[in-house]
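Here is what each chain is made of, one letter per residue.
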Amino acid sequence: MLTFAQFIALTGHSDDEYTFEVKALDDADLEAVGAVYAITRQEDDEHVVLYVGHTGDLSDRFKRHHKTECFDENDADCLCVHQDADKRSRLKKETDLIKGYRPVCNGAQ
């Protein structure tokens, strides 16, 4: 069973910090909210960021995610959620985090 903090802070390339709620990746109880999300692998007390994305409806996003194979290959086990209803704001945060972490599943190595 996973053990992790309920919330983590992820820092973008701009040094802006964003607070994310951490859930098990297979959590089926996701709200229909706009959000920036990070798929991570927990290693000890750290989260390795594997993918960063955004969606206008989190409850529908993971039914057929186009990067599921990459998540599986990289032992992803956590879904980190930062709620944000504003699409422009989500895009800015997503870009900032991708530049900061260069996640393997975003193809940003």
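Presented here is an overview of the structure given in this document. The structure presented is a predicted model; accordingly, all values stated were derived computationally and were not measured. (Residues numbered from 1 in each chain as written. Predicted model: local features only at pLDDT ≥ 70, side-chain atom pairs only at ≥ 80, totals over all residues. Heavy atoms only, no water.)

With that out of the way, let us pick up helix α3 (residues 87–101). For α3, which comprises 15 residues, the first-to-last C-alpha distance of 21 Å matches the rise-based estimate of 21 Å (1.5 Å per residue) to within 8%. All of the buried residues in α3 are Arg-90, Lys-93, Glu-94, Asp-96 and Leu-97. Looking straight down α3, one finds that the buried residues subtend no more than 165 degrees of arc, so they occupy a single side. Exposed residues lying more than 90 degrees from the buried face of α3 are Lys-87, Arg-88, Lys-92 and Lys-99. (Helix = DSSP H or I, 4+ residues; strand = E, 2+ residues; numbered from the N terminus. Expected span 1.5 Å × (residues − 1). Buried < 20%, exposed > 50% of the residue type's maximum accessible area, 1.4 Å probe, protein only. Arc of directions from axis to C-beta.)

Moving on, we get to the sheet that holds strand β5 (residues 78–83). Strand pairing within a sheet occurs via backbone hydrogen bonds; the two strands may be parallel or antiparallel. With respect to topology, five strands assemble into an open sheet ordered β1-β2-β5-β3-β4, the strand pairing being antiparallel. The sheet is open, and its two edges are formed by β1 (7–11) and β4 (46–55), each paired on a single side. Mean inter-strand twist for the sheet, computed between neighbouring axes without regard to direction, equals 35 degrees. Its contacts with the sheet put α3 on β1, β2 (17–24), β3 (35–43), β4 and β5, and the angle it makes with β4 is roughly 150 degrees. (Pairing = 2+ DSSP bridges. Axes fitted to C-alpha atoms, helices over the stretch in contact; angles between N-to-C directions. Contact = heavy atoms within 4.5 Å.)

Remember, this is a structural readout, not a statement about activity or role.
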